[in-house]
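# Structure assessment
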Amino acid sequence: MASFALVARCARTFLPHATRVGRSSSTAVGRTLHASRWFSCTTNILNHNVPADLKYSKEHEWIRVEGNTSTIGISDYAQDKLGDVVFVELPNLDAEFKENDQCGTLESVKAASDIYCPVSGKVTERNETLEKDPSLINSSCYENGWLFKVELANPDEISSLLDAEGYIKFLEEQD
């Protein structure tokens, strides 16, 4: 749903420009420019899944809140940029973190990246399956590739995170 909304917005953004340019003497150039800008915009978003029921950090972690517990993982955008994940270092059980603390590491064939805890809290569960099969982060980042769960210390911090629409806008600015 979020991806579709962005595609429509991109089309509206560039369509008036193409119409204006299309009336000038450089019609073919204007339409080509429009097509490449629109395709670029839609390609970036259509390739990245951004579920509407999650919150997102600007470090590309997602969070699903269920009562006082939150499940945390990395976004589809982040896993795509990392490439094939080959190693995961998850936080220890009962470890406590403040909002935006570094709490783990992901290593891929391209790079290593820190994991940040988007909210303050205590780690209550780790996805131990990732230690044996870190590729789950690439194949199922929102379902089987979640990283860890945190008992929220300050539920008000959730409001500082981005919703799906805000995260999509943030991604548009990144690309």
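Look a little higher up for the structure.
Presented here is an overview of the structure given in this document. Fair warning: this is a prediction, and the values are worked out from it, not measured in the lab.

### A look at a nonpolar patch on the surface
A cluster of nonpolar side chains, contributed by Val86, Phe87 and Val109, occupies part of the molecular surface with about 290 Å² of accessible area. Among the structural elements, Phe87 can be located in strand E4 (residues 85-89). For Phe87, a relative accessible area of 39% corresponds to the partly exposed category.

### Quick notes on the nonpolar core
Counting 25 residues, the largest nonpolar core has Ile74, Val88, Leu106, Cys117, Ile137, Leu147 and Phe148 as its most contacted members. Looking at which element gives the most residues to this core, the answer is strand E9 (residues 148-152), with 3 residues. Counting 14 residues, the second-largest nonpolar core is a separate cluster that includes Val50, Trp62, Tyr142 and Ala164.

### What about the environment of Ser75?
Summarising the element assignment, Ser75 is placed in the loop between strand E3 (69-74) and helix H3 (76-82). You can call Ser75 buried: its relative accessible area is 0%. C-alpha of Ser75 to C-alpha of Ile63: the two residues are 12 residues apart in sequence and 9.4 Å apart in space. Not counting the four nearest positions on each side in its chain, Ser75 is found in contact with His60, Trp62, Cys141, Tyr142 and Tyr167.

Definitions and limits used
- Residues numbered from 1 in each chain as written.
- Predicted model: local features only at pLDDT ≥ 70, side-chain atom pairs only at ≥ 80, totals over all residues.
- Heavy atoms only, no water.
- Patch = residues over 30% accessible without salt bridge, like charges linked within 9 Å, V, L, I, M, F, W, Y side chains within 5 Å.
- Areas by Shrake-Rupley, 256 points an atom, 1.4 Å probe, with all protein chains shown as cover.
- Salt bridge = Lys/Arg side-chain N within 4 Å of Asp/Glu carboxyl O.
- Helix = DSSP H or I, 4+ residues; strand = E, 2+ residues; numbered from the N terminus.
- Buried < 20%, exposed > 50% of the residue type's maximum accessible area, 1.4 Å probe, protein only.
- Core = buried A, V, L, I, M, F, W, Y, C linked by side-chain atoms within 4.5 Å.
- Contact = heavy atoms within 4.5 Å.

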